[in-house]
Amino acid sequence: GVGLALCRRLLEEDGRIHLCIACRNVQKSEATRDLILATHPAARVSTVEVDLGNLVSVLRVARELRCRFQRLDFVYLNAGIMPNPHVNFKALWHGLLTGKVLHMLTTAEGIMTQTDRLNGDGLQEVFATNLFGHFILVRQLECLLCGNEKPSRLIWTSSSNARESAFSLSDYQHAKGRESYSSSKYATDLTSVVLNRKFNKQGLYSSVVCPGLVMSNMTYRILPVFLWKLLMPIMWLIRFFAKTYTLTPYNGAEAHVWLFKQKPEHLDALVKYHSCTSGLGKSYVEPRKLDVDEETAEKFYQKLLELEKETLERYSDLLD
């Protein structure tokens, strides 16, 4: 998906970098490393195993990274799940009749739902994997990210599906709703805004990107593969009207790579950077103002800190 494409594109930008790729299992991480080395045989690529939906795994990998590295220049927070996605064809048909279908197809608003569940830590699985695991990882790696000679960067993979209407401070894990993916991505946007406020003076900068609609393993779980193949000609056509239909992981990584080349102090903390592709296949980046309320962002961040304190008390043996 976007992660593999991003690794290859970063090495095309600068072959001197040391990539450390994180995957949920050893076999996948080694296979990914082999794919990268097949096209960049001289690259320095190491691996770590981490499940962002498991706090023990997150704390262990944070300890391992603190032992292996003296600093981290970039952390791409790209892991995400969308369990049991369902398409609301009735809503899609209504959108077609009301002229809102293009908006719905580019944001999935009203047509995409998921069935969430609790994980082993007693947290909602989508919230834990898509946001909270990343948040804990960042907090545990502050010593590698703050106070370096050069700024360090956090780059979160958000989504155009991140909507305020799917998020609630009173139910920020989205236990009661059916749009957990949208809620988790909106929570990502809120978190990034506050991280900038808290850590920019310490040399840590945070940005959010949207890869657009990319055909990846996650996308293929929404509909059967054969149906996607039938729809592909239509999707290529839609791209003339919907520039966020990036379709390929290479195109989807455009904003991630663009941010790699920018000076963070010149970026707007209240902007999301969208990977876009023209109808003729030209990739570019489009900044769009984040639809976030900064007061809500601060309140949510405090809830994350409270949840962090509550959950980490169980795993004190894994903390330094």
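Fair warning: this is a prediction, and the values are worked out from it, not measured in the lab.

## Here's the deal with the overall build of the chain
Move 1: Scanning the chain from N- to C-terminus turns up 13 helices and 9 strands.
Move 2: Over its C-alpha trace the chain gives a radius of gyration of 19 Å, about what one expects of a compact globule, namely 20 Å for 320 residues.
Move 3: Dimensions of the chain, computed from C-alpha atoms along their principal axes, come out at roughly 60 × 50 × 40 Å.
Move 4: Pairs at least 24 apart in sequence give 73% of the contacts found in the chain among residues at least 6 apart.
Move 5: Only carbon and sulfur atoms are counted for the fraction: they give 54% of the accessible area of the chain, which is about 15,600 Å².

## Considering the state of the cysteines
Move 1: Under the criterion given, the structure shown has 0 disulfides.
Move 2: Unpaired in terms of disulfides, Cys67 finds its nearest cysteine sulfur in Cys143, a separation of 9.8 Å.
Move 3: In this structure Cys210 is a free cysteine whose sulfur lies 8.0 Å from that of Cys276, the closest cysteine sulfur available.
Move 4: By relative accessible area, Cys210 is classed as buried at 2%.

## A look at helix H6 (residues 125–140)
Turn by turn, an α-helix covers 3.6 residues, leaving residues three or four places apart pointing in a common direction.
Move 1: The largest bend along H6 reaches roughly 40° and is located at Phe132.
Move 2: Counting buried residues along H6, 15 of its 16 residues qualify, which places the element largely inside the surrounding structure.

## Topic: a nonpolar patch on the surface
Move 1: On the surface, Leu237, Phe240, Phe241 and Leu280 cluster together into a nonpolar patch covering about 540 Å² of accessible area.
Move 2: Position of Leu280 relative to the elements: it lies in the loop between strand S8 (271–277) and strand S9 (283–289).

## Some details on helix H2 (residues 26–39)
Move 1: With 14 residues, H2 extends 21 Å between its outermost C-alpha atoms, agreeing within 8% with the 20 Å of an ideal straight helix rising 1.5 Å per residue.
Move 2: Of all the residues in H2, the buried ones are Ser29, Thr32, Ile36 and Leu37. Angular distribution of buried residues about the axis of H2 spans 135°; they occupy a single face of the element. Exposed positions of H2 whose direction lies more than 90 degrees from the buried face are Gln27 and Ala38.
Move 3: Looking at the buried residues of H2, the elements they touch are helix H1 (2–13), strand S1 (18–23) and strand S2 (44–49).

## Brief notes about the nonpolar core
Move 1: In terms of nonpolar packing, the biggest core is built from 50 residues, with Phe127, Phe132, Leu141, Leu145, Leu154 and Phe300 touching the most fellow members.
Move 2: At the level of secondary structure, the elements contributing two or more residues to this core comprise helix H3 (55–68), strand S3 (74–77), H6, helix H7 (142–145), strand S6 (152–157), helix H8 (180–199), strand S7 (204–210) and helix H13 (294–312).
Move 3: Sort the elements by how many residues they give to this core and H6 lands first, with 8 residues.
Move 4: In this structure, Phe127 is in contact with Phe132, Tyr172, Gln173, Phe300, Leu304 and Leu307, ignoring residues within four places of it in sequence.
Move 5: By size, the runner-up hydrophobic cluster in this structure holds 26 residues, among which are Leu19, Val214, Ala255 and Val271.

## Considering the packing of H3 against H6
Move 1: At their nearest, the axes of H3 and H6 sit 9 Å apart, and the two run at 30° to each other. Between H3 and H6, the angle falls in the class roughly parallel. When the axes of H3 and H6 are compared, the crossing they make is right-handed. Every residue of H6 that contacts H3 at Leu55, Val58, Leu59, Val61, Ala62 and Arg66 is listed here: Phe132, Gly133, Ile136, Leu137 and Gln140.

## Focus on the packing of aromatic side chains
Move 1: Evaluation of the coordinates by the stated rule reveals 10 aromatic pairs.
Move 2: Geometrically, the ring pair formed by Phe74 and Phe260 is tilted, given 4.9 Å between the ring centres and 45° between the ring planes. Of this pair, Phe74 sits in strand S3 while Phe260 sits in helix H12 (residues 254–260), and the two are 186 residues apart along the sequence.
Move 3: A relative accessible area of 28% means that Phe74 is categorised as partly exposed.
Move 4: In this structure Phe260 comes out as buried when scored by relative accessible area, which is 17%.
Move 5: Arranged with centres 5.6 Å apart and planes meeting at 45°, the rings of Phe167 and Tyr186 form a pair that is tilted. With Phe167 in the loop between S6 and H8 and Tyr186 in helix H8, this pair connects stretches of sequence that are 19 residues apart. Exposure class is identical for Phe167 and Tyr186. Each is buried.
Move 6: An aromatic cluster of at least three residues, connected via ring pairs, comprises Phe127, Phe132, Phe135, Phe167, Tyr172, Tyr186, Phe300 and Tyr301.
Move 7: In this arrangement the basic side chain of Arg9 is found over the ring face of Tyr250, its NZ or CZ atom lying 4.1 Å from the centre.

## Some words on the sheet that holds S9
Move 1: Pairing within the open sheet is mixed, and its 5 strands lie in the order S3-S6-S7-S8-S9. The sheet is open, and its two edges are formed by S3 and S9, each paired on a single side. For this sheet, the mean angle separating the axes of adjacent strands, direction not counted, is 25°.
Move 2: Bridge count between S6 and S7: 6 bridges; the pairing is parallel. For Ile155, the partnering residue across the bridge sits in S7 and is Ser207.
Move 3: The sheet strands contacting H6 are S3 and S6, and the helix crosses S6 at an angle near 175°.

Cut-offs applied
Residues numbered from 1 in each chain as written. Predicted model: local features only at pLDDT ≥ 70, side-chain atom pairs only at ≥ 80, totals over all residues. Heavy atoms only, no water. Helix = DSSP H or I, 4+ residues; strand = E, 2+ residues; numbered from the N terminus. Rg over C-alpha atoms; globule rule 2.2 N^0.38 Å. Contact = heavy atoms within 4.5 Å. Areas by Shrake-Rupley, 256 points an atom, 1.4 Å probe, with all protein chains shown as cover. Disulfide = S-S within 2.5 Å. Buried < 20%, exposed > 50% of the residue type's maximum accessible area, 1.4 Å probe, protein only. Bend = angle between axes of the 7 residues up to and from the residue. Patch = residues over 30% accessible without salt bridge, like charges linked within 9 Å, V, L, I, M, F, W, Y side chains within 5 Å. Salt bridge = Lys/Arg side-chain N within 4 Å of Asp/Glu carboxyl O. Expected span 1.5 Å × (residues − 1). Arc of directions from axis to C-beta. Core = buried A, V, L, I, M, F, W, Y, C linked by side-chain atoms within 4.5 Å. Axes fitted to C-alpha atoms, helices over the stretch in contact; angles between N-to-C directions. Parallel < 35°, antiparallel > 145°, perpendicular 65-115°, else oblique. Left-handed = near helix turned anticlockwise from the far one by under 90°. Phe/Tyr/Trp six-rings, centres within 6.5 Å; stacked < 30°, edge-to-face > 60°. Lys NZ or Arg CZ within 6 Å of the ring centre and 35° of its normal. Pairing = 2+ DSSP bridges.

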